There are 2 protein chains.
Amino acid sequence: MINPLYLPELREMLAENDADDLREFCTALHPARTAEFMEGLDPESAWRVLTFADMPQRVEIFSYFEESMQLSILETADRRAIGQLIAHLPPDDRVDLLNKVDPRIVDELFPLIPLKARRDILRLSSYPEGTAGALMTTGFARLDENLSVAAALGEIGRQAERLETIYYVYIVDEGGHLRGLVSARQLVSNLGHPEMKIGELMETELVAVNVTDDQEKVAEKVAHFDLLAIPVVDHEHHLLGIITHDDIIDVMREEATEDALRLSAVDPLEASYLNTHWFTITWKRGIWLIILFFAAMITAYSLRSFEDALQQVSWLVLFIPLVISSGGNSGSQSATLVITAMTSGDVKLRDWARVVKRELITGLCLGAFLGLLGYGIAYLLTPDPFSALVIPVTITLVVICGTLCGSILPMLFRRLGLDPALMSNPFVAGLIDIAGIIIYMQVSMLMLQELRESTGN
Amino acid sequence: MINPLYLPELREMLAENDADDLREFCTALHPARTAEFMEGLDPESAWRVLTFADMPQRVEIFSYFEESMQLSILETADRRAIGQLIAHLPPDDRVDLLNKVDPRIVDELFPLIPLKARRDILRLSSYPEGTAGALMTTGFARLDENLSVAAALGEIGRQAERLETIYYVYIVDEGGHLRGLVSARQLVSNLGHPEMKIGELMETELVAVNVTDDQEKVAEKVAHFDLLAIPVVDHEHHLLGIITHDDIIDVMREEATEDALRLSAVDPLEASYLNTHWFTITWKRGIWLIILFFAAMITAYSLRSFEDALQQVSWLVLFIPLVISSGGNSGSQSATLVITAMTSGDVKLRDWARVVKRELITGLCLGAFLGLLGYGIAYLLTPDPFSALVIPVTITLVVICGTLCGSILPMLFRRLGLDPALMSNPFVAGLIDIAGIIIYMQVSMLMLQELRESTGN
């Protein structure tokens with residue numbers, strides 16, 4: 001949100017090179033607020049404002065800029081100053097950011113970043129996007145178990161500036177293996193025994209993730225165990241980094257958006273909607289639309305085999321959209337209910353029989369009720385009350401078919417190890433459309449005298 | 001997940017009343033893990049195991065039980081022991097739980113809860129579900145600004161057991177107004193100056209929420225400012241409670257599920273899928289299905305006005321499902337893209353023109369491509385290559401109509417102050433179905449010689 005109140009003053013301060021006021025502006029508010037107020041500035045002016053802040057403040061405010069602003073600054077501002085800024089950014093964030101900067105500029109910047117940070121960047125950027133390794137940071141406290149409580153507190157106090165969290169302290173052996181964890185809470189609670197060794201306090205039954213684990217799994221663990229941060233280890237249990245709660249919140253948002261898009265048959269975007277090229281979006285939608293389109297083509301073929309019946313009883317055509325959409329809507333409801341329940345862990349695969357039973361009862365009730373409504377309209381649009389009965393019977397069956405397909409297919413996909421959110425929509429929609437046409441035509445042929453006669457039944 | 005390995009041993013320990021081993025079992029693992037291992041026990045046995053743990057452990061393990069297990073225990077175990085347990089549960093959790101217990105049992109339990117906890121429960125339970133007040137806890141550190149750094153650390157160390165977080169310390173004046181905040185990070189960083197007053201360290205530019213704010217807004221603020229906890233104040237800025245990061249993660253999961261359900265036209269459930277009565281689910285689906293059904297009924301009426309044309313050119317019927325589903329699928333893709341982008345803040349209302357332009361281009365491309373595929377199938381199913389052109393022209397127009405409706409309607413609903421996720425699906429789906437039929441029939445009448453002649457154009 002651009003706050004227009006501050007902008008003119010800010011521009012004036014810049015024009016007058018008013019160092020005191022600019023420094024004051026950078027420190028007065030929460031850095032997220034300061035960043036918001038600066039949204040209306042061009043990247044060059046924003047960077048000029050930041051040069052008046054000292055490094056920790058500069059890094060904080062910069063972290064809250066929108067990504068497009070951050071990238072413009074990295075690509076245009078004085079290379080040497082940017083090298084310093086990068087060295088002070090949180091290790092996980094700078095890797096994400098550098099991945100998005102023009103590679104030629106990265107090549108120019110790289111030699112200007114201090115050696116230690118450069119090594120750290122190379123190491124972190126070797127993990128693929130979407131894994132624990134790509135999320136983790138190396139800014140955590142790593143202490144020896146023989147340290148005393150007082151010494152440990154002193155140590156984290158001294159390191160506080162470079163640490164992303166001081167609230168968990170990790171204890172490793174000489175080989176770098178994760179041995180245990182002491183929380184700041186435990187340290188503070190034991191201030192009364194300053195000489196106690198932290199090795200005596202540490203918890204050794206730790207929840208950790210492997211560096212190759214999927215970020216969704218990491219988020220689930222942090223949420224389940226109510227953690228502030230989770231350690232990341234390799235297969236030999238070497239401590240490589242930690243993932244903090246704020247990154248977990250970002251992952252959860254990302255995953256929620258991805259799931260919503262998948263449920264609507266859009267391949268998730270890598271960047272935000274407006275920052276993604278329209279052609280990429282078209283492509284990510286097109287592939288699913290084509291699959292859905294082929295399913296819909298089959299409906300055209302199925303209808304063709306009933307062309308004579310439709311010609312003979314012309315009112316049957318009127319209800320084709322109604323029948324198909326009843327099945328499709330109830331099917332997508334069931335699919336979403338089952339998928340969200342599986343995602344949150346409420347429904348497990350072993351519950352399948354309960355789920356199917358519930359969906360059968362729900363389908364029966366919804367189908368019967370919608371059928372009743374359908375009978376009302378069919379009564380008005382068909383030649384006689386008995387013929388009109390085709391519609392409620394069809395709708396009831398189609399809705400039951402929808403709830404069953406919608407609930408069984410996601411569980412089946414999960415059972416096969418596929419992502420239910422990804423696979424369900426096209427299959428559920430396509431199957432129900434085709435099934436709807438076939439059910440409709442079969443019911444009509446069974447119930448309508450004139451069709452029975454013409455087909456010789 | 002039930003771990004069958006531990007259960008027989010656990011049952012044996014219970015049968016033998018083996019206090020040492022049971023106590024050991026309760027302390028050996030992370031309480032979340034311990035709770036998982038006990039999932040296979042009946043509530044009575046689970047509670048018996050817990051009685052061997054000391055209170056902090058008992059409360060922790062109990063907190064990780066599934067809700068149905070927690071409720072059974074509260075309703076069946078010894079009332080006096082449950083009163084004590086409730087007194088030690090986190091203030092926000094116990095209110096949520098008691099809201100779900102049979103009111104007669106709450107009446108019996110209430111006098112057995114210590115007075116202070118009882119007052120706290122009454123106060124917290126007065127806030128409506130879904131507000132900051134209902135989420136907040138009163139277990140936070142409230143200190144005076146004249147305390148020294150050393151004294152403050154000592155104080156939170158002593159209180160640690162009853163505090164939900166020790167990582168933020170709140171400073172209030174005598175009137176109970178929120179004055180500032182000191183983080184444990186700041187306290188630890190200033191251990192070198194133990195006599196410094198915390199009033200000198202405190203931040204006074206605080207991000208806070210009002211007690212009546214919606215939980216979604218609270219989650220957004222915490223995520224935006226990367227907070228561990230956020231203070232909750234009333235209109236006079238009295239500090240009433242705090243909301244911690246683990247509750248925020250729960251809110252975000254809840255909201256993501258709700259949005260997904262709304263996008264599929266299901267009214268969000270209050271409990272989990274399997275714990276909601278099938279009739280409630282049927283009702284929450286039925287109301288939206290009925291609205292969608294009325295929209296579909298309009299398609300039946302629109303088709304009726306084209307009945308002669310359909311009778312005359314019978315192959316037109318074959319493509320009705322294809323035309324409708326092309327519009328519906330591309331429309332729901334656009335709606336979900338725009339809704340998720342608005343939810344995450346990537347798209348604001350002022351971006352409407354950019355969004356519409358993008359969707360127009362995307363619709364044109366997708367429509368043209370699907371139209372091409374449609375021409376292939378129409379070529380096979382229609383009598384002559386020129387008639388078959390009706391299908392690509394229709395599909396292109398319908399897909400463009402879908403992308404425009406799907407993107408404009410959610411922004412319109414947001415503009416009108418309505419929840420776009422809630423309103424969009426039925427309207428988008430209904431409008432596109434009807435528009436699809438009308439576009440299809442109009443294109444046919446314009447392009448097909450035999451229809452032009454019969455309608456006298």
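These numbers were taken from a predicted model, which means no experiment stands behind them.

Caption draft 1: Fine view of the interface of chain B and chain A. The interface of chain B with chain A comprises 118 residues on the first partner and 117 residues on the second. Taken together, both faces of the contact between chain B and chain A bury some 10800 Å²; the carbon and sulfur share is 66%. When residues of chain B are sorted by the area they lose upon contact with chain A, Arg185, Tyr273 and Leu274 of chain B head the list and together hold 8% of the total. For the pair chain B and chain A, the number of links is four salt bridges. A salt bridge links Arg285 of chain A to Glu359 of chain B; the nearest nitrogen and oxygen atoms lie 3.0 Å apart.

Caption draft 2: The arrangement of the pattern of salt bridges in detail. Taken as a whole, this structure holds 26 salt bridges over all chains when the rule is applied. Here the salt bridges do not stand alone but share partners, grouping Arg94, Asp120 and Arg123 of chain A into one network.

Caption draft 3: The arrangement of a nonpolar patch on the surface in detail. All names here are of chain A. On the surface, Ile408, Leu412, Leu416 and Leu418 cluster together into a nonpolar patch covering about 350 Å² of accessible area. Along the chain, Leu418 falls in the loop between helix H22 (390–415) and helix H23 (420–447). Here Leu418 falls in the partly exposed class, since its relative accessible area comes to 37%.

Caption draft 4: Spatial organisation of the relation of the copies chain B and chain A. Expressed as a screw transformation, the operator carrying chain B onto chain A has a rotation angle of 180° and an axial translation of 0.0 Å, and the superposed copies differ by an RMSD of 0.2 Å. Seen this way, the second copy is the image of the first under a two-fold rotation axis. Here 99% of the interface residues in chain B have copies in chain A that are interface residues too; the copies meet face to matching face.

Caption draft 5: Expanded view of helix H10 (residues 115–124) of chain A. Residue and element names in this part refer to chain A. For H10, every residue scored as buried is listed here: Ala117, Asp120, Ile121 and Leu124. In a view along the axis of H10, the buried residues occupy a sector of 100°, so they form one face of it. Facing away from the buried side of H10, by more than 90 degrees, are the exposed residues Arg119 and Leu122. Next to the buried residues of H10 lie helix H7 (79–88), helix H8 (91–100) and helix H11 (132–135).

Caption draft 6: Inspection of H22 of chain A at higher detail. Residues and elements named next belong to chain A. End to end, H22 covers 37 Å across 26 residues, agreeing with the expected 38 Å (1.5 Å per residue, within 8%). Counting buried positions along H22 gives 19 out of 26 residues, so the element sits mostly inside the fold. Of the residues trailing H22, Gly417 is marked for its positive phi of about 85°.

Caption draft 7: Structural detail: unusual backbone geometry. Residue and element names in this part refer to chain B. Non-glycine residue Asn17 carries a positive phi angle of around 55°. Along the chain, the position of Asn17 falls in the loop between helix H1 (7–15) and helix H2 (19–28). Despite not being glycine, His237 shows a phi value in the positive range, around 65°. Along the chain, His237 falls in the loop between strand E5 (229–233) and strand E6 (239–244).

Caption draft 8: Here's a closer look at the sheet that holds strand E2 (residues 168–172) of chain A. Residues and elements named next belong to chain A. Spatial ordering of the open sheet is given by E1-E2-E3, a layout of three strands whose pairing is mixed. Looking at strand neighbours, the two that pair on one side only are strand E1 (141–143) and strand E3 (178–183), the edges of this open sheet. Ignoring which end each strand starts from, the neighbouring axes of this sheet average 35° apart. One ladder, built from five bridges, connects E2 with E3; its direction is antiparallel. Paired with Tyr170 across the bridge in E3 is Leu181. Helix H12 (residues 149–159) rests against E1 and E2 of the sheet, and its axis sits at about 145° to E1.

Caption draft 9: Spatial organisation of the pairing of strand E2 (residues 168–172) of chain B. All names here are of chain B. Within E2, five of the five residues are buried, leaving the element largely enclosed by the surrounding structure. Here E2 shows a buried face lined by Tyr168, Tyr170 and Val172 and a second buried face lined by Val169 and Ile171. Note that strand E1 (residues 141–143) and E2 share three bridges and pair parallel. In the sheet register, Ala141 faces E2, and the bridge partner there is Val169. Between the parallel elements E1 and E2, the chain passes through helix H12 (residues 149–159) in a crossover that is right-handed. Remark: five residues form the turn of the hairpin made by E2 and strand E3 (residues 178–183), two consecutive strands paired antiparallel; Gly176 in that turn has positive phi of roughly 85°.

Caption draft 10: Structural detail: the nonpolar core. In terms of nonpolar packing, the biggest core is built from 195 residues, with Met38, Phe65 and Leu187 of chain A together with Met38, Phe65 and Leu187 of chain B touching the most fellow members. Leave out the neighbours within four places in its chain, and Phe65 of chain A touches Ala35, Met38, Ala46, Leu50, Gln70 and Ile73 of chain A. Ranked by size, the runner-up nonpolar core spans 96 residues in total, among them Ala265, Ile320 and Ala378 of chain A together with Ile324 of chain B.

Caption draft 11: The arrangement of the packing of helix H6 (residues 67–76) of chain A against H7 of chain A in detail. All names here are of chain A. The geometry of H6 relative to H7 is characterised by a closest axis approach of 8 Å and an angle of 130° between their N-to-C directions. In terms of axis orientation, H6 runs oblique to H7. Residue-level inspection shows Ile73, Leu74 and Glu75 of H6 in contact with H7, the latter providing Arg79, Ile82, Leu85 and Ile86. In terms of residue class, the contact of H6 with H7 is built from five nonpolar, no polar and two charged.

Caption draft 12: How the structure looks around the environment of Val251 of chain A. All names here are of chain A. Structurally, the position occupied by Val251 is in helix H16 (residues 245–263). Owing to a relative accessible area of 2%, Val251 belongs among the buried residues under this scheme. Ignoring sequence-local partners within four residues, the contact set of Val251 consists of Leu135, Gln215 and Ala219.

Caption draft 13: Expanded view of the sheet that holds strand E4 (residues 209–210) of chain B. Residue and element names in this part refer to chain B. The sheet built from three strands is open, its strands ordered E4-E5-E6 with mixed pairing. Because the sheet does not close on itself, it has two edges, and the strands there are E4 and E6. Bridge analysis of E4 against E5 gives two bridges, and the strand direction is parallel. Looking at the pairing, Asn210 lines up with Val233 of E5.

Caption draft 14: Region of interest: the packing of aromatic side chains. Scanning all chains against the criterion turns up 13 aromatic pairs over all chains. Here the aromatic rings of Phe62 of chain A and Phe65 of chain A are separated by 6.1 Å at their centres, their planes lie at 70°, and the arrangement is edge-to-face. Residue Phe65 of chain A is classed as buried on the basis of its relative accessible area of 6%. Between the aromatic rings of Tyr167 of chain A and Tyr167 of chain B, the centroid separation amounts to 4.0 Å while the plane-to-plane angle is 25°, which identifies the pairing as stacked. Of this pair, Tyr167 of chain A sits in the loop between H12 and E2 while Tyr167 of chain B sits in the loop between H12 and E2, which puts the two residues in different chains. For Tyr167 of chain A, a relative accessible area of 6% puts it in the buried group. Ring pairs connect the aromatic residues Phe140, Tyr168 and Tyr170 of chain A, which therefore count as one cluster. If you follow Arg358 of chain A out to its NZ or CZ, it ends over the ring of Tyr273 of chain B, 5.1 Å from the centre.

Caption draft 15: The side chain of Asp234 of chain B, seen in detail. All names here are of chain B. Structurally, Asp234 is set in the loop between E5 and E6. Buried Asp234, no salt bridge; nearest opposite-charge side chain is Arg123, N-O distance 9.8 Å. A polar contact of 3.0 Å, which involves the side chain of Asp234, links it to the backbone nitrogen of Glu236. In terms of polar contacts, Asp234 uses its side chain to reach the backbone amide nitrogen of His238, at 2.9 Å. Once you skip the residues sitting within four places of it in the chain, Asp234 turns out to touch Asn210, Val211 and Leu240.

Caption draft 16: Quick peek at a negative patch on the surface. Together, Glu60, Asp93, Asp96, Glu129, Asp250, Glu254 and Glu270 of chain A together with Asp226 of chain B give the surface a local cluster of negative charge. Elements that contribute at least two residues to the negative patch include exactly H8 and H16 of chain A. Here Asp226 of chain B is to be found in the loop between helix H15 (215–224) and E5. A residue is classified by how much of its surface remains accessible, and Asp226 of chain B, at 33% relative accessible area, is partly exposed.

What counts, and at which threshold
- Residues numbered from 1 in each chain as written.
- Chains lettered and ligands numbered in written order.
- Predicted model: local features only at pLDDT ≥ 70, side-chain atom pairs only at ≥ 80, totals over all residues.
- Heavy atoms only, no water.
- Contact = heavy atoms within 4.5 Å.
- Buried area = accessible area lost by both parts, 1.4 Å probe.
- Salt bridge = Lys/Arg side-chain N within 4 Å of Asp/Glu carboxyl O.
- Patch = residues over 30% accessible without salt bridge, like charges linked within 9 Å, V, L, I, M, F, W, Y side chains within 5 Å.
- Areas by Shrake-Rupley, 256 points an atom, 1.4 Å probe, with all protein chains shown as cover.
- Helix = DSSP H or I, 4+ residues; strand = E, 2+ residues; numbered from the N terminus.
- Buried < 20%, exposed > 50% of the residue type's maximum accessible area, 1.4 Å probe, protein only.
- Least-squares fit on C-alpha atoms with pLDDT ≥ 70 in both.
- Arc of directions from axis to C-beta.
- Expected span 1.5 Å × (residues − 1).
- Pairing = 2+ DSSP bridges.
- Axes fitted to C-alpha atoms, helices over the stretch in contact; angles between N-to-C directions.
- Right-handed = clockwise from strand over helix to strand, strands pointing away.
- Core = buried A, V, L, I, M, F, W, Y, C linked by side-chain atoms within 4.5 Å.
- Parallel < 35°, antiparallel > 145°, perpendicular 65-115°, else oblique.
- Nonpolar A, V, L, I, M, F, W, Y, C, P; charged D, E, K, R; others polar.
- Phe/Tyr/Trp six-rings, centres within 6.5 Å; stacked < 30°, edge-to-face > 60°.
- Lys NZ or Arg CZ within 6 Å of the ring centre and 35° of its normal.
- Lys, Arg positive; Asp, Glu negative; His and termini not counted.
- Polar contact = N/O pair within 3.5 Å; in protein donor to acceptor, adjacent residues only side chain to side chain.
- Charge placed at Lys NZ, Arg CZ, Asp CG, Glu CD.

Worth remembering: the numbers are spatial, not functional.
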